[in-house]
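Examining the three-dimensional arrangement
Listed below, chain by chain, are the residues.
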Amino acid sequence: MDWTFVITAFVTMFVVIDPPGLAPLFVALTQGLPAQARRAIALRACITATCVLAVFALFGEAVLAFVGISMPAFRVAGGILLFLTALDMLFERRTKRREDRAETDDHHDPSVFPLGIPLIAGPGAIASIILLAGQRPGLEGLTIAFAVTLAVILLALLLFLASSLLERLLGRTGINVVTRLLGMLLAALSVQFVLDGLRDFGFAP
């Protein structure tokens, strides 16, 4: 097994999904609900996100091929998208946008929307899992990409279940610091995706 790829894939999905940043939003969306209802919402949200990302991991590259988009082109586009996401994290714009989505949701059950989609399985996560599955063609790459994604979603589930405690421990400042550090990591990873795509096109050494 290529452990470098495993670590890179895990870091990419962890940074994009950002479980520590989602925990306070989960608290806000489930405020006032009993513990049993909060656990059910957390579980449904993670199952929904897992199913959505599994579909894109399995069929994302086939869909791209059907519409005539090559993987190198998608790597460049995906890298640019992830870089914009990193900028949002560094300047707190992504947190504000997520909070706005949570505030505009009028449903009593936020498990599918906005928690499952687009807060967990958002555009960045979808692009990332397609890119990661495409980096190692075949069953091995698909298995690794989905396994690390599942691990990150399980981590998000654990943080959802312990979100009240986490929010008290880290506080608003601690969560902001973690988000900015993750943003810096994502910026570097997104540039690497762009360079890989350009190299596949023959534009970079």
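These figures come from a predicted structure and were not determined experimentally.

Bringing the pattern of salt bridges into the picture now. This model, assessed by the stated rule, comprises four salt bridges. Between Asp109 and Arg44 there is a salt bridge, with its nearest N and O atoms 3.0 Å apart. Linking Asp109 in the loop between helix H5 (93–104) and helix H6 (111–120) with Arg44 in helix H3 (residues 35–66), this pair joins segments that are 65 residues apart in sequence. Of the residues examined, Asp109 reaches a relative accessible area of 34% and is grouped as partly exposed. In this structure, the salt-bridge partner of Arg75 is Asp200, at a minimum N-O distance of 2.7 Å. Here the residue Arg75 occupies a position in helix H4 (residues 71–90), and Asp200 occupies one in helix H9 (residues 163–201), the gap between them amounting to 125 residues. You can call Asp200 partly exposed: its relative accessible area is 44%.

Another aspect to go through is the packing of aromatic side chains. Centre-to-centre distance and the angle between the planes together describe a pair of aromatic rings. According to the stated counting rule, one finds two aromatic pairs in the structure shown. Look at Phe26 and Phe160: their rings are 4.7 Å apart centre to centre, the planes differ by 10°, and that puts the pair in the stacked class. Taken as a pair, Phe26 in helix H2 (residues 19–29) and Phe160 in helix H8 (residues 139–161) lie far apart in primary sequence, 134 residues in all. Phe160 shares its class with Phe26; the two are buried.

This part is about helix H1 (residues 3–17). Spanning 15 residues, H1 covers 21 Å between terminal C-alpha atoms, matching the ideal 21 Å at 1.5 Å per step. When H1 is considered as a whole, its buried residues turn out to be Phe5, Val6, Ala9, Thr12, Met13, Phe14, Val15, Val16 and Ile17. In the stretch just after H1, Asp18 is the one whose phi turns positive, near 60°.

Turning our eyes to something else, we now look at H3. Structurally, the α-helix is built with 3.6 residues per turn, so residues lying three or four positions apart point the same way. Between its first and last C-alpha, H3 extends 45 Å over 32 residues, near the 46 Å set by a 1.5 Å rise per residue. Phe59 marks where H3 bends most, by close to 55°. Taken from the residues just after H3, Gly68 is the one with a positive phi, measuring 85°.

Further remarks concern the confidence of the model for the protein. Detail in the predicted coordinates should be disregarded across regions flagged by low pLDDT. Taken residue by residue, the protein gives an average pLDDT of 85. The fraction at 70 or more is 91%. Averaged pLDDT values for the elements of the protein fall to 62 in H5 and rise to 95 in H8.

With that settled, the discussion passes to the side chain of Thr50. Structurally, the position occupied by Thr50 is in helix H3. Setting aside its immediate chain neighbours within four residues, Thr50 contacts Phe146, Leu150 and Ile153.

All right, on to a nonpolar patch on the surface then. Residues Val55, Phe56, Leu58, Phe59 and Val63 make up a contiguous nonpolar surface patch of about 460 Å² in total accessible area. Its relative accessible area of 33% is what places Phe56 among the partly exposed residues.

Further remarks concern unusual backbone geometry. Of all residues except glycine, most have a negative phi; of all peptide bonds, most are trans. Along the chain, Phe113 connects to Pro114 via a cis peptide bond; the corresponding omega equals 10°. With an omega dihedral of 10°, the bond running from Ile117 to Pro118 counts as a cis peptide bond. Residue position: Pro118 is located in helix H6. Phi at Asp18 takes a positive value of approximately 60°, unusual for a residue other than glycine. For Asp18, the position within the fold is in the loop between H1 and H2. Look at Asp18 and you get buried, because its relative accessible area is 2%.

A separate point is the environment of Pro123. Inspection of the secondary structure puts Pro123 in helix H7 (residues 123–135). Taking the C-alpha atoms as reference points, Pro123 and Arg136, separated by 13 residues in sequence, lie 21 Å from one another.

Mapped onto the secondary structure, Thr149 falls in helix H8. Leave out the neighbours within four places in its chain, and Thr149 touches Met13, Leu53 and Ile129.

Basis of the calculations
- Residues numbered from 1 in each chain as written.
- Predicted model: local features only at pLDDT ≥ 70, side-chain atom pairs only at ≥ 80, totals over all residues.
- Heavy atoms only, no water.
- Salt bridge = Lys/Arg side-chain N within 4 Å of Asp/Glu carboxyl O.
- Helix = DSSP H or I, 4+ residues; strand = E, 2+ residues; numbered from the N terminus.
- Buried < 20%, exposed > 50% of the residue type's maximum accessible area, 1.4 Å probe, protein only.
- Phe/Tyr/Trp six-rings, centres within 6.5 Å; stacked < 30°, edge-to-face > 60°.
- Expected span 1.5 Å × (residues − 1).
- Bend = angle between axes of the 7 residues up to and from the residue.
- pLDDT = per-residue confidence, 0-100.
- Contact = heavy atoms within 4.5 Å.
- Patch = residues over 30% accessible without salt bridge, like charges linked within 9 Å, V, L, I, M, F, W, Y side chains within 5 Å.
- Areas by Shrake-Rupley, 256 points an atom, 1.4 Å probe, with all protein chains shown as cover.

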